[in-house]
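Read off the chains here:
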Amino acid sequence: MASCSYAENWIDAPIISMNTMLLLSYLASTAVGANLPLQVIAKNPMGRTESARASNAITVTFNQPMVALTSPTEMGDQCPLRIEPAIPGRCRWQGTQTVTFEPSQPLPAASEYRVTVPADTRSQVSWTTLSQAESWTFETQRPGIFDSRPRHDERWIDLSSVFFVHFNLEMDPARARDFIVLEETPISGGETRQLSIGVRRAKPDEIKKVWPWSYHPVAPSTANVLAIKPYQLKHDH
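Remember, it's a predicted structure, so these values are computed and weren't measured experimentally.

Side note on the side chain of Gln 64
No. 1: Among the secondary structure elements, Gln 64 is positioned in the loop between strand S3 (58-62) and helix H2 (72-76).
No. 2: With relative accessibility at 1%, the residue Gln 64 sits in the buried group.

A closer look at the nonpolar core
No. 1: Core analysis: the largest hydrophobic core is formed by 22 residues, its most contacted members being Val 60, Phe 62 and Val 117.
No. 2: Contributing elements (two or more residues each) for this core: S3, strand S5 (89-94), strand S6 (98-103), strand S7 (112-117) and strand S8 (134-139).
No. 3: For Val 117, the residues in contact, after removing those within four places along its chain, are Val 40, Val 60, Phe 62, Pro 80, Leu 81, Leu 130, Ala 133, Glu 134 and Trp 136.
No. 4: Membership of the second largest hydrophobic core comes to twelve residues, among which are Val 165, Leu 182, Leu 226 and Ile 228.

Description of the sheet that holds strand S14 (residues 225-230)
No. 1: Read across the sheet, four strands follow the order S9-S10-S14-S13 without closing on themselves; strand pairing throughout is antiparallel. Where the open sheet ends on each side, the last strands, each with one partner, are strand S9 (145-149) and strand S13 (197-201). Strand-to-strand twist of the sheet, defined as the mean angle between neighbouring strand axes without regard to direction, takes the value 20°.
No. 2: Across four bridges, the pairing between strand S10 (residues 163-167) and S14 is antiparallel. Pairing of Val 165 across the sheet is with Leu 226, part of S14.

What about the sheet that holds strand S4 (residues 82-84)?
No. 1: With respect to topology, four strands assemble into an open sheet ordered S2-S8-S7-S4, the strand pairing being mixed. The two strands at the open ends of the sheet, each matched to only one other strand, are strand S2 (47-48) and S4.
No. 2: Where S2 meets S8, two bridges bridge the pair, whose relative direction is parallel. Looking at S8, one finds that Gly 47 is bridged to Phe 138.

A short note on the confidence of the model for the chain
No. 1: Overall, the predicted model of the chain reaches an average pLDDT of 85, with 83% of residues at or above 70.
No. 2: S7 holds the highest mean pLDDT among the elements of the chain, 98, whereas helix H1 (residues 18-33) holds the lowest, 51.
No. 3: This model gives residues 1-6 a pLDDT under 50, and the stretch forms zero contacts once residues within four places in sequence are excluded.

As for unusual backbone geometry
No. 1: A cis amide bond links Glu 84 with the next residue in sequence, Pro 85, at an omega value of -10°.
No. 2: A cis geometry characterises the amide bond from Arg 149 onward to Pro 150, with omega recorded as 0°.
No. 3: Residue position: Pro 150 is located in the loop between S9 and S10.
No. 4: Of note in the backbone geometry, Trp 127 takes a positive phi value of approximately 70° without being a glycine.

Digging into the environment of Leu 107
No. 1: Along the chain, Leu 107 turns up in the loop between S6 and S7.
No. 2: Between the C-alpha atom of Leu 107 and that of Ala 57, which follows or precedes it by 50 residues, the distance is 9.9 Å.
No. 3: What Leu 107 contacts, discounting residues up to four positions off in sequence, is Ser 55, Ile 87, Tyr 113, Phe 138 and Thr 140.

Here we look at the environment of His 152
No. 1: The topology assignment puts His 152 in the loop between S9 and S10.
No. 2: Of the polar contacts made by the side chain of His 152, one reaches the side chain of Asp 153; its length is 3.3 Å.

Thoughts on the pattern of salt bridges
No. 1: Considering all chains together, one arrives at ten salt bridges under this definition.
No. 2: For the salt bridge of Arg 48 with Glu 50, the shortest nitrogen-to-oxygen distance reads 3.9 Å.
No. 3: With a closest N to O distance of 2.9 Å, Asp 147 and Arg 149 form a salt bridge.
No. 4: Residue classification places Asp 147 among the buried positions, given a relative accessible area of 12%.
No. 5: Salt bridges sharing common partners tie together Arg 90, Arg 92 and Glu 102.

Calculation criteria
Residues numbered from 1 in each chain as written. Predicted model: local features only at pLDDT ≥ 70, side-chain atom pairs only at ≥ 80, totals over all residues. Heavy atoms only, no water. Helix = DSSP H or I, 4+ residues; strand = E, 2+ residues; numbered from the N terminus. Buried < 20%, exposed > 50% of the residue type's maximum accessible area, 1.4 Å probe, protein only. Core = buried A, V, L, I, M, F, W, Y, C linked by side-chain atoms within 4.5 Å. Contact = heavy atoms within 4.5 Å. Pairing = 2+ DSSP bridges. Axes fitted to C-alpha atoms, helices over the stretch in contact; angles between N-to-C directions. pLDDT = per-residue confidence, 0-100. Polar contact = N/O pair within 3.5 Å; in protein donor to acceptor, adjacent residues only side chain to side chain. Salt bridge = Lys/Arg side-chain N within 4 Å of Asp/Glu carboxyl O.

Following this line, the structure appears as structure tokens:
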């Protein structure tokens, strides 16, 4: 019986370094980008934010490379974002398609900002331009209430009580005073009237007594708990 064998002729593939692979990938994306209109495909934050961290950075992603792979400083100089009102800070590129603007300090609460990527913004790689401006707004975290003492619908309150309100943000008693209203309505019916109140920061011992422990994302403290003292409370109201 005849037998035959086949020689295994392996062809050695060229060794490609990681840097070479990255360069080839970058060149391929550049070639594709040259045939596509420039677009913004993701942006953040947008609309009303629910936490202070949500506005720590403003991020925009394009559909193709916008800057060449150079030093972080040179890349950061290419900042296509316009923010109103103006915010001090810096731009950083995460790769070549995503740019992040980092404010130099936390943004004030309950404030609205408009971000614009102007029309004719140009990719420094493919040289394509944005056909029309991309614009949107976002709002930093609004003040909100985590908890209060007394709670809603609580009854038989001591007439000498001081009320406590735990907010999600640091509160200025002088500014908050103009937005706090305490009304009194007789249980038996009658006219509702507004009471005079005093507002101050809660003291540490008061907070510890009212909230021995807390499960809220922001713990109660002298910065975010206000004490409200009503004047002229009446029985059976």
